[in-house]
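Architecture at a glance
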Amino acid sequence: MTRDLAVLLTVLLAIVIIAAILFAWRARLRRDSGITAPLGVPEHAEVTERVEVLYVATTRHDQPLERVAVKPLEYRARGELVLTDRGAALSLDGSPTVFLASERLVAADLATVAIDRVVEPNGLVRVVWRESSGILLDSFLRVANGGPQHVLTELQRLCAAPETGATS
């Protein structure tokens, strides 16, 4: 009977842990339901490059361990980063295309850690962008083929130039 009781307790504990994980994720989805990524690509955007990527996560700016469930970027996925003359499009498997116009792009740099992913030093590309309500978010991408340096350079080129005050 002791063995049967141990198996039963282990199964019950596993069910409680899974239920807690599901409850916490649903709470996060509700918390972040007002945050959305911009969808669709402008008609006359000229494609300059396509890169296969693994989308890792989107987090609050400078908080790489605080995931934000931004629709449609809630889940990790394979996809393609399409660089255009007007911004960057992220086309993930099974999701609508997210388009970050140059005006939304704040910065791009390299990172090593994001949520549940730790890679070699500077193995992730971090894209800092502004959501429509003004919130700064960081999206992390892992370039599938080759190093991230070329993609980083192109994203930095696309980032909106900082506003300068008028000189008189």
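Everything here concerns the structure above.
Describing the pairing of strand 3 (residues 77-84)
Counted residue by residue, strand 3 has six buried out of eight residues, so it is predominantly covered. In this sheet, strand 3 lies alongside strand 1 (residues 47-60) in antiparallel orientation, the contact comprising eight bridges. Looking at strand 3, one finds that Glu49 is bridged to Leu83. Two elements, strand 3 and strand 4 (residues 87-92), share five bridges in a ladder whose sense is antiparallel. Looking at the pairing, Gly79 lines up with Leu92 of strand 4. Linking two consecutive strands that pair antiparallel, namely strand 3 and strand 4, is a turn of two residues.

What about the side chain of Glu74?
As for its placement among the helices and strands, Glu74 is situated in the loop between strand 2 (63-67) and strand 3. What makes Glu74 buried here is its relative accessible area of 11%. Residues in contact with Glu74, not counting those within four places in the same chain, are Trp25, Leu29, Arg67 and Ala69.

Reading the values: the criteria
Residues numbered from 1 in each chain as written. Predicted model: local features only at pLDDT ≥ 70, side-chain atom pairs only at ≥ 80, totals over all residues. Heavy atoms only, no water. Buried < 20%, exposed > 50% of the residue type's maximum accessible area, 1.4 Å probe, protein only. Helix = DSSP H or I, 4+ residues; strand = E, 2+ residues; numbered from the N terminus. Pairing = 2+ DSSP bridges. Contact = heavy atoms within 4.5 Å.

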